[in-house]
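Summary of the model geometry
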Amino acid sequence: MHILVCIKQVPDSAQIRVHPVTNTIMRQGVPAIVNPYDLVALEEALRLKDRTSARVTVLTMGPPQAESALRKALSFGADEAILLTDRAFAGADTLATSYALAAAIRKIRDDMPVDLVFTGKQTIDGDTAQVGPGIATRLGMQLLTYVSRIDRVDLERGEITVQRRAEGGVQVLRTRLPAVITVLEGINEMRFATMPDMFRAARYGLTVWDREAAGIGDVTKIGLKGSPTVVSRVFAPTPRAQKAEIIQTQSEQPDDLVATLLAKMFTKHPPLRAAICPRAVQRT
Amino acid sequence: MTQAPPSSKPAGRRKAELDPRFTSYKGVFVFIEHNAGAIHPVSFELLGEGRKLADKLGVELAGVVLAESDGAAEAFCAEAFFHGADLCYSATHPALAHYRNQPYTQTLTDIVNRHQPEILLLGATTMGRDLAGSVATTLQTGLTADCTGLAIDPDNRSLAATRPTFGGTLLCTILTLNYRPQMATVRPRVMGLPERDTSRHGRIIAEHPDLIEQDIVTKLLEFIPDERRDEANLAFADIIVAGGRGLKRPDNFRLVWDLADALGAEVGATRPVVQAGWVTADRQIGQSGKTVRPKLYIAAGISGAVQHRVGMEGADVIVAINPDPDAPIFDFATYGIVANAMQILPAMTAAFRQHTAAMKKAV
Ligand SMILES: Cc1cc2nc3c(=O)[nH]c(=O)nc-3n(C[C@H](O)[C@H](O)[C@H](O)COP(=O)(O)OP(=O)(O)OC[C@H]3O[C@@H](n4cnc5c(N)ncnc54)[C@H](O)[C@@H]3O)c2cc1C
Ligand SMILES: Nc1ncnc2c1ncn2[C@@H]1O[C@H](COP(=O)(O)O)[C@@H](O)[C@H]1O
């Protein structure tokens, strides 16, 4: 079995700051990490590899520095890694991203058929959760999103059974391979890299494809040109004009503070009075 | 790369000359999502928002209902009219009994191609995001995911879709200039619910989806309903008491539950608290958790990081308890108590119990 995992290098969003005056993103010094959700997908692929001796290839589209994301994936146990990089890919939205990734996957599959494509649930910079569905649609593969468990892979019959998180419950779905799976967060924990894998990852000769190598002829389908959406404005959330009214009392005793709060709240927001109805039964 | 804004300058405006093949695209469509016989509230929120967009554009608002039978679809259409739709496209087929990507994508794509809306909105649920991604790719049009604000650009009648990016640190407004329909998904509870007006009605246009069960590759073997329906309760709760890392120890979280019981409220939490295992993940509020819109939100021991804020700032009244007067939560809370939550929470529980006892006596 051949499993392809799409990973993306993203800026660690916890460390992004907005310039207070110019309102632009200050990226300098913000470390790049592998999109955390993609590590969940990678771990799920590696678990299938442990069970079935599958081959795991990781693929990323990004700037040349994204190479380090691939090496990270190799150090965890991925077998092969491909970097899709070209200035022409820059500025891609989800439609253009899935076009380029799908083209690369077609090319990979010429060498060795792909049974499963894994993506993360979403990225932490784009946050769209659309690239996985886009890839599936472009490749005519079955799509299984928000998968929380892989119950069974039957290579002989070419079938896979999974559990998918849906609204109000879990769907148990069976479909035909090849399929695209987007993996739900929190369903596993990434393993530790082993010494031999870390050495191999450092020495590994990455496959690097530019637009032409990936077999993409039509430049109007990729990058900024291939993106129907345009960002017209980027801005920081407006601070509320009004800051909190700080409740103060002479005594600063909890009971007095709370009494003052309640009096204010019920006067200024009368509907709150009616909204409060204590629970009859105690919860367990 | 995906919808991440460029680092220096936003892309700015491209000239908006709509391709002639799209000039006939008119109207606002809302996909009506339903589970287990009930419409997902996000669809009502979208109808409310879609109504405003349609009025601004001077066009009709249509609901799109996919269901297994005419009987089920009719009830859903009626609800769509009560919440603002002028008409509904109703596609019924046994293969649409439960959500699967392939038949839903095919049916919705066909309806869009036939009736040509300029805007198509879906809820950013597990169903809506699955479906929207496939439909947008099939139609080769733009899709803005997880929006928190929708407006019409006065210059060019485009949908201006605003969404958080970089984990909620920033917002960006996205346009789909030269493609139609303009698609967007919107998170539940971001928009308000419109009034339900049972005197409203509209036209139903029957669609005849061309589906054959044998051709649908994916089969549903089983549906395991969630035992605990807390999820829905939290998103739609009127009052929420939420605790953060400032409560210091898991047993202190009991104080949050006690106050919640006194108020008939739901319990929420920040991510670190969930990660520490003090409460279950379905109670996490924020960017990677739930969006809530209660009438009252009491935040105890919460700093007010932007990733938490985006999930709860839609609350009518926010009360924050935090000993640090400079905690960011005081920048957007309605009321603040600068003190130790371990002392304030029990006092609140007692005060609210007294209040409700007095209310009961009064009636
Ligand atoms: C991609 C990404 C997604 C995220 N998604 C979410 C999300 O969905 N939801 C979320 O909540 N977070 C999310 N986070 C995390 C977020 O950035 C913050 O780290 C988190 O919200 C902080 O939680 P907290 O307020 O409980 O803890 P802290 O920030 O540690 O704040 C604790 C507060 O308690 C106060 N305190 C101390 N002692 C007391 C006392 N005795 N009584 C009362 N208060 C006291 C302190 O002054 C402090 O302000 C996300 C982060 C990233 C990077
Ligand atoms: N540039 C990229 N290279 C490789 N995989 C990607 C890229 N962008 C997105 N993906 C994959 O698609 C998933 C969803 O991304 P997004 O739609 O941006 O939220 C991610 O978790 C990745 O697995």
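1. Structural notes on the overall build of chain B
When you go through chain B residue by residue, the secondary structure sums to nine helices and 18 strands. Computed over C-alpha atoms, the radius of gyration of chain B comes to 23 Å, within 12% of the 21 Å expected from 2.2 N^0.38 for 363 residues, which places it in the range of a compact globule. Considering only C-alpha atoms, chain B reaches an extent of 65 × 50 × 40 Å along its principal axes. Among the 363 residues that make up chain B, the fraction classed as buried is 60%. Summed over all atoms, the accessible surface of chain B reaches about 13,900 Å², with 51% contributed by carbon and sulfur. Charge centroids of chain B, computed over 36 positive and 40 negative side chains, lie 5 Å from each other.

2. Observations regarding the interface of chain A and chain B
With 96 residues of chain A in contact, the opposing surface of chain B contributes 103 residues. Taken together, the two surfaces of chain A and chain B that pack against each other cover about 8,800 Å², and 58% of this comes from carbon and sulfur. At the junction of chain A and chain B, the tally comes to three salt bridges. With its nearest N and O atoms 2.9 Å apart, the salt bridge here joins Asp-226 of chain B to Arg-165 of chain A. Looking at which element gives the most residues to the side of chain A that touches chain B, the answer is helix 6 (residues 254-268) of chain A, with ten residues. Classifying every residue of the side of chain A that touches chain B by side-chain character gives 46 nonpolar, 28 polar and 22 charged. Examined bridge by bridge, strand 14 (residues 229-235) of chain A and strand 10 (residues 170-176) of chain B share six bridges and lie antiparallel to one another. Opposite Phe-235 of chain A, over in strand 10 of chain B, you have Leu-171 of chain B as the bridge partner.

3. Let's talk about the domain arrangement of chain B
By a frequent convention, interface size equals the accessible area lost on bringing the separate parts together. Residue and element names in this part refer to chain B. Parsing chain B into structural domains produces domain 1 (23-215) and domain 2 (234-362). Once you take the C-alpha centre of each, domain 1 and domain 2 turn out to be 33 Å apart. Each side of the interface is counted separately: domain 1 has twelve residues, and domain 2 has twelve residues. In this structure, the connection of domain 1 to domain 2 is made through zero salt bridges.

4. Things to note about the sheet that holds strand 14 of chain A
Read across the sheet, four strands follow the order 14(A)-10(B)-9(B)-8(B) without closing on themselves; strand pairing throughout is antiparallel. Strands with a single pairing partner mark the edges of an open sheet, and in this sheet they are strand 14 of chain A together with strand 8 (149-152) of chain B. Ignoring strand direction, the axes of neighbouring strands in this sheet form an average angle of 30 degrees. Packed onto the sheet, helix 1 (residues 41-57) of chain B meets strand 8 and strand 9 (159-165) of chain B and runs at close to 10 degrees relative to strand 8 of chain B.

5. Quick notes on helix 2 (residues 67-76) of chain A
All names here are of chain A. Across the ten residues of helix 2, seven count as buried, placing the element largely inside the fold. Buried residues of helix 2: Ala-69, Leu-70, Arg-71, Ala-73, Leu-74, Ser-75 and Phe-76, and no others. Looking at the buried residues of helix 2, the elements they touch are strand 2 (9-11), strand 5 (32-34), helix 1 (36-52), strand 6 (55-61), strand 7 (80-84) and helix 5 (195-203). Gly-77 lies just past helix 2 and shows a positive phi near 130 degrees.

6. A closer look at the nonpolar core
Ile-298, Met-348 and Phe-352 of chain B are the most contacted members of the largest nonpolar core, which has 42 residues in total. Here this core takes seven residues from helix 9 (residues 341-362) of chain B, the largest share from any one element. Setting aside chain neighbours within four positions, we find Met-348 of chain B in contact with Val-258 and Leu-261 of chain A together with Leu-259, Ile-298, Val-319, Ile-321 and Ile-337 of chain B. Ranked by size, the runner-up nonpolar core spans 38 residues in total, among them Phe-76, Leu-144, Leu-177 and Ala-201 of chain A.

7. Describing the domain arrangement of chain A
Per the domain assignment, the segments of chain A are domain 1 (2-221) and domain 2 (254-283). Taken over C-alpha atoms, the centre of domain 1 of chain A sits 49 Å from the centre of domain 2 of chain A.

8. With respect to the packing of helix 2 of chain A against helix 5 of chain A
All names here are of chain A. Orientation of helix 2 relative to helix 5, taken along the N-to-C sense of each, is 150 degrees, at an axis distance of 7 Å. With respect to each other, helix 2 and helix 5 are oriented roughly antiparallel. Helix-helix and strand crossings are classified by hand; for helix 2 and helix 5 the assignment is right-handed. On helix 5, the residues that touch Arg-71, Leu-74, Ser-75 and Phe-76 of helix 2 are Asp-197, Met-198, Arg-200, Ala-201, Ala-202 and Arg-203.

9. So, the confidence of the model for chain A
Confidence in the prediction for chain A averages 91 pLDDT; 93% of positions are at 70 or higher. This stretch, residues 280-284 of chain A, has a pLDDT under 50; its non-local contacts, to residues over four places away or in other chains, come to seven contacts.

10. Let's talk about the site of ligand 2
Not every one of the 20 residues close to ligand 2 is listed here, only the nearest: Cys-6, Asp-38, Thr-123, Thr-128 and Ala-129 of chain A. What surrounds ligand 2 is not a single chain but chains A and B. Taking Thr-123 of chain A, its side chain carries an N or O atom lying 2.8 Å from an oxygen atom of ligand 2. For ligand 2, an oxygen atom lies 2.5 Å from a polar atom in the side chain of Thr-128 of chain A. In the complex, 100% of the free accessible area of ligand 2, which totals 480 Å², lies under the protein chains. The cavity where ligand 2 resides is the largest cavity. Residues of the shell around ligand 2, tallied by class, amount to seven nonpolar, ten polar and three charged.

Cut-offs applied
Residues numbered from 1 in each chain as written. Chains lettered and ligands numbered in written order. Predicted model: local features only at pLDDT ≥ 70, side-chain atom pairs only at ≥ 80, totals over all residues. Heavy atoms only, no water. Helix = DSSP H or I, 4+ residues; strand = E, 2+ residues; numbered from the N terminus. Rg over C-alpha atoms; globule rule 2.2 N^0.38 Å. Buried < 20%, exposed > 50% of the residue type's maximum accessible area, 1.4 Å probe, protein only. Areas by Shrake-Rupley, 256 points an atom, 1.4 Å probe, with all protein chains shown as cover. Lys, Arg positive; Asp, Glu negative; His and termini not counted. Charge placed at Lys NZ, Arg CZ, Asp CG, Glu CD. Contact = heavy atoms within 4.5 Å. Buried area = accessible area lost by both parts, 1.4 Å probe. Salt bridge = Lys/Arg side-chain N within 4 Å of Asp/Glu carboxyl O. Nonpolar A, V, L, I, M, F, W, Y, C, P; charged D, E, K, R; others polar. Pairing = 2+ DSSP bridges. Domains from an automatic or database assignment. Axes fitted to C-alpha atoms, helices over the stretch in contact; angles between N-to-C directions. Core = buried A, V, L, I, M, F, W, Y, C linked by side-chain atoms within 4.5 Å. Parallel < 35°, antiparallel > 145°, perpendicular 65-115°, else oblique. Left-handed = near helix turned anticlockwise from the far one by under 90°. pLDDT = per-residue confidence, 0-100. Near = heavy atom within 4 Å. Polar contact = N/O pair within 3.5 Å; in protein donor to acceptor, adjacent residues only side chain to side chain. 1 Å grid on protein atoms, 1.4 Å probe; cavity = no way out; pocket = protein on both sides within 12 Å on 5 of 7 lines; lining within 4 Å. Sits in = over half its atoms within 2 Å of the grid points.

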